[in-house]
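Architecture at a glance
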Amino acid sequence: MINFLEDLALIIFRIFPAEAAKNITLRLLKSIYSLNLIGIFASNNIEQPEIKLKNLSFKNRIGIAGGLDKNAEYFHIFSSLGFGFVEVGTVTLEPQAGNPKPRIFRFFKDKTIVNSLGFNNAGSVQVLENIKKHKPKFNGVLGISIGKSKNTKTKNAWQDYLHLMDYFYLEADYLAINISSPNTENLRELSARENIEFLMNKISKKKAQLVDMHKKKTPIFVKLSPDETEDNLKNIIHISEKNNIDGFICCNTTTEHSYQNSGGMSGAMLTKKAENLQKKIIKLKQDKSILIASGGVMSAEDVKVRLTHSADLVQLYTGYIYQGNSLLKKALIISSS
Ligand SMILES: Cc1cc2nc3c(=O)[nH]c(=O)nc-3n(C[C@H](O)[C@H](O)[C@H](O)COP(=O)(O)O)c2cc1C
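Predicted model, so just to flag it, every value in this text is computed and none were measured.

1. Examining the sheet that holds strand β11 (residues 264–267)
In spatial order, the strands read β5-β6-β11; together these three strands make up an open sheet with antiparallel pairing. Because the sheet does not close on itself, it has two edges, and the strands there are β5 (104–107) and β11. Strand-to-strand twist across the sheet, computed as the mean angle between neighbouring axes with direction ignored, equals 20 degrees. With four bridges connecting them, β5 and strand β6 (residues 112–115) associate as antiparallel partners. Bridging across to β6, F107 finds its partner in T112.

Spelled out as structure tokens, the structure:
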């Protein structure tokens, strides 16, 4: 039964256009969950001591990266499969259709994906509703990734982030500030020296207000681009830490690739770049800042390398798309040893 369903998912993955394949596979997963059959795929029997980071408690170090569950429809299912945490979103204030299709391209031989989705999502109202609906069935740590809308100008972007913080603060176990997607025009301008200080200062003040108002500390992480210059990387980390950011997610997709399709590349061809960036960040950041590794984690060995180089947590995306639960299982085993 397990093999039949896994084979079916792989066939769907290979024969349908990329975006349709992703949606069909996720719906298949939902049906299996509704039929109470998810347990047969779950990797919940790998014993792990609980991991405490900031004020959060993780059942293991392996999570789902931003963008797989954009509208918070599946996070409870990923937790029943064994993931310790799920980052939903990236969510914008209003619903957005994203960029024109086709906008996901798979390169099977290279085990990579190029995507130019552009924050297609159901918007903050619907996503919050979905979170409230599924959270009672969720057994894990919930990250919510927030981003500016396509039509928001760079100079007004801080207002989007602050509204979204207000909106999701209570439901999130952590918030991820996405300023590194390559598919929303000008988004990456936010990490430029002249903008990042202003944005982080606003976020820090809002966080202080929210902590005070809700008597709850929701950690805030910044998701970094692998395409930053060394100087700017230093700058972003320093300014973020000065403004009480709790950690970094390393990293988003890269625009430095040789495929004809425009967009950000993820998967095996990103592995080395993400790994090298992580090593740089570890030297630059303070010990108390959390590091979440993302980018080209395709094998148990990749998980091991990231953890050995001081990642606190590891996220899967493209590796999971290509390999499914067998990668989760291997990641859980290696991260618990
Ligand atoms: C189709 C697709 C959509 C993505 N959407 C988002 C997103 O909405 N927010 C985000 O922070 N990252 C997004 N990402 C980036 C992933 O979270 C991850 O950081 C990146 O793909 C590198 O990891 P990987 O090589 O393991 O896939 C997306 C990636 C892909 C492939």
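2. Re the site of the ligand
Neighbouring residues of the ligand: 21 residues in total, closest G66, T90, G267, G296 and T318. Here an oxygen atom of the ligand sits 3.1 Å away from a polar atom, N or O, in the side chain of N178. Surface burial for the ligand is 98%, taken as the share of its 600 Å² of free accessible area covered by protein chains. When residues of the shell around the ligand are traced back to their parent elements, those giving at least two are β4 (85–91) and β11. Its residues assigned to classes, the shell around the ligand comprises five nonpolar, 14 polar and two charged.

3. A closer look at the packing of helix α5 (residues 157–168) against helix α6 (residues 193–214)
For the pair α5 and α6, the least separation of the axes is 10 Å and the interaxial angle reads 20 degrees. By the angle between their axes, α5 is roughly parallel relative to α6. The two elements α5 and α6 cross, and the hand of that crossing is right-handed. Contact with α5, carried on its side by W158, Y161, L162, M165 and D166, involves F198, L199, K202, I203, K206, K207 and L210 of α6 and no other residues of that element. Partitioned by chemical class, the residues of the contact of α5 with α6 number eight nonpolar, no polar and four charged.

4. Remarks on the sheet that holds strand β13 (residues 313–316)
Read around the barrel, eight strands follow the order β3-β4-β7-β8-β9-β10-β12-β13 and close on themselves; strand pairing throughout is parallel. Sheet twist, expressed as the average angle between the axes of neighbouring strands with direction ignored, equals 25 degrees. Of the pairings in the sheet, the one linking strand β7 (residues 141–146) to strand β8 (residues 174–178) comprises four bridges and is parallel in character. Its bridge partner lying in β8, I144 is registered against L175.

5. Quick word on the layout of surface pockets
The volume enclosed by the second largest pocket comes to roughly 310 Å³. Taken together, 15 residues line the second largest pocket, and the ones lying closest to its centre are K22, N23, N71, E73 and N120. Considering every element that reaches the lining of the second largest pocket, the biggest residue donor is helix α2 (residues 18–34), with five residues. In the lining of the second largest pocket, the residues fall into five nonpolar, three polar and seven charged. Both of domain 1 (1–41) and domain 2 (50–336) provide at least three residues apiece to the lining of the second largest pocket.

6. Quick look at the domain arrangement of the chain
Assigned domains of the chain: these are domain 1 (1–41) and domain 2 (50–336). One C-alpha centre belongs to domain 1, the other to domain 2, and the line joining them spans 24 Å. Buried surface at the junction of domain 1 and domain 2, summed over both partners, amounts to about 1,800 Å²; 64% is from carbon and sulfur atoms. In this structure, the connection of domain 1 to domain 2 is made through one salt bridge. Across the pair R103 and E19 runs a salt bridge, and its minimum N-O distance is 2.8 Å. With nine residues, α2 is the largest single contributor of residues to the side of domain 1 that touches domain 2.

7. A word on the pairing of strand β9 (residues 220–224)
Extensive coverage of β9 is indicated by the burial of five of its five residues. By the alternation rule, side chains of β9 split into I220, V222 and L224 and F221 and K223, which are all buried. With four bridges connecting them, β8 and β9 associate as parallel partners. Bridge pairing in β9 places N178 opposite K223. Running through α6, the crossover from β8 to the neighbouring parallel element β9 is right-handed. In this structure, β9 lies alongside strand β10 (residues 247–250), joined through four bridges in parallel fashion. Residue pairing in the sheet places F221 in a bridge with G247 of β10.

Rules used in this analysis
- Residues numbered from 1 in each chain as written.
- Predicted model: local features only at pLDDT ≥ 70, side-chain atom pairs only at ≥ 80, totals over all residues.
- Heavy atoms only, no water.
- Pairing = 2+ DSSP bridges.
- Helix = DSSP H or I, 4+ residues; strand = E, 2+ residues; numbered from the N terminus.
- Axes fitted to C-alpha atoms, helices over the stretch in contact; angles between N-to-C directions.
- Near = heavy atom within 4 Å.
- Polar contact = N/O pair within 3.5 Å; in protein donor to acceptor, adjacent residues only side chain to side chain.
- Areas by Shrake-Rupley, 256 points an atom, 1.4 Å probe, with all protein chains shown as cover.
- Nonpolar A, V, L, I, M, F, W, Y, C, P; charged D, E, K, R; others polar.
- Parallel < 35°, antiparallel > 145°, perpendicular 65-115°, else oblique.
- Left-handed = near helix turned anticlockwise from the far one by under 90°.
- Contact = heavy atoms within 4.5 Å.
- 1 Å grid on protein atoms, 1.4 Å probe; cavity = no way out; pocket = protein on both sides within 12 Å on 5 of 7 lines; lining within 4 Å.
- Points joined across faces, edges and corners; volume = space filled by probe spheres on them.
- Domains from an automatic or database assignment.
- Buried area = accessible area lost by both parts, 1.4 Å probe.
- Salt bridge = Lys/Arg side-chain N within 4 Å of Asp/Glu carboxyl O.
- Buried < 20%, exposed > 50% of the residue type's maximum accessible area, 1.4 Å probe, protein only.
- Right-handed = clockwise from strand over helix to strand, strands pointing away.

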